[in-house]
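Fold and geometry: a report
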Amino acid sequence: MEKVPMLAEGYEKLTADLKALREERPRIVDAIEEARAHGDLSENAEYHAAKERQGQVEAQIADIEDRVSRAQIIDPTSLSGDRIVFGATVTLRDDDDQPVRYQIVGQTEADAKVGRISYNSPLGKALIGRKVGDEIEVTVPSGDRFYLVDKIEFI
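Please read all numbers here as calculations on a predicted model, not as lab measurements.

Here the focus is the nonpolar core. Counting 21 residues, the largest nonpolar core has I84, L92, L123, L127 and V149 as the members making the most contacts within it. Those elements giving two or more residues to this core turn out to be β3 (89-93), β4 (99-105), α3 (122-127), β6 (135-140) and β7 (143-153). Dropping the residues within four chain positions of it, I84 is found in contact with V90, I104, L127, I128, G129, R130, V149 and I152. Core analysis: the next-biggest nonpolar cluster, separate from the first, contains 15 residues, L21, I28, I32 and Y47 among them.

With that out of the way, let us pick up the packing of helix α1 (residues 8-37) against helix α2 (residues 45-69). For the pair α1 and α2, the least separation of the axes is 9 Å and the interaxial angle reads 155°. As summarised for this structure, α1 and α2 are arranged roughly antiparallel, according to the angle between their axes. Relative to α2, the crossing made by α1 is left-handed. Split by residue class, the contact of α1 with α2 holds 15 nonpolar, three polar and 11 charged.

Another aspect to go through is the pattern of salt bridges. Pairing between side chains becomes possible if they bear opposite charge and their charged atoms approach one another. On inspection of all chains with the given rule, the structure shows 11 salt bridges. The shortest N-O distance in the salt bridge between R22 and E65 comes to 2.4 Å. One end of the pair, R22, is in helix α1; the other, E65, is in helix α2, and 43 residues separate them in sequence. You can call R22 partly exposed: its relative accessible area is 38%.

Parameters and conventions
Residues numbered from 1 in each chain as written. Predicted model: local features only at pLDDT ≥ 70, side-chain atom pairs only at ≥ 80, totals over all residues. Heavy atoms only, no water. Core = buried A, V, L, I, M, F, W, Y, C linked by side-chain atoms within 4.5 Å. Buried < 20%, exposed > 50% of the residue type's maximum accessible area, 1.4 Å probe, protein only. Helix = DSSP H or I, 4+ residues; strand = E, 2+ residues; numbered from the N terminus. Contact = heavy atoms within 4.5 Å. Axes fitted to C-alpha atoms, helices over the stretch in contact; angles between N-to-C directions. Parallel < 35°, antiparallel > 145°, perpendicular 65-115°, else oblique. Left-handed = near helix turned anticlockwise from the far one by under 90°. Nonpolar A, V, L, I, M, F, W, Y, C, P; charged D, E, K, R; others polar. Salt bridge = Lys/Arg side-chain N within 4 Å of Asp/Glu carboxyl O.

Okay, here's the thing in structure tokens:
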């Protein structure tokens, strides 16, 4: 089984999501029972909506339980070295010599707007294993982008 790397806060968010979904289960069952009491199930929109939601929740629970069971929690402050690894915070220089800063995180934690990119993203894959001074070319939907690794931090 392949481990799923994530930061501690990502793990906590996943477990909180799992708890919320498990707490929703009894409400869905109640909604199904109430809709069933209305009679003819073939034309009962509430019943079908509740059954559909039940299927979605069960699928989400199974997915999150799988990721939680394979979680490998990584503390960036315990890392060191001169190469980019999962959890590292990287300062890059773009084509215009403007600094951009990203932390390499797990898929569920990624949010480029706040400077967190997945290790599976095109840029994340290109950065892993690189060191200060390396030039990187990344193909993204808007075209090719070039970066220079300026700084690597483990914070």
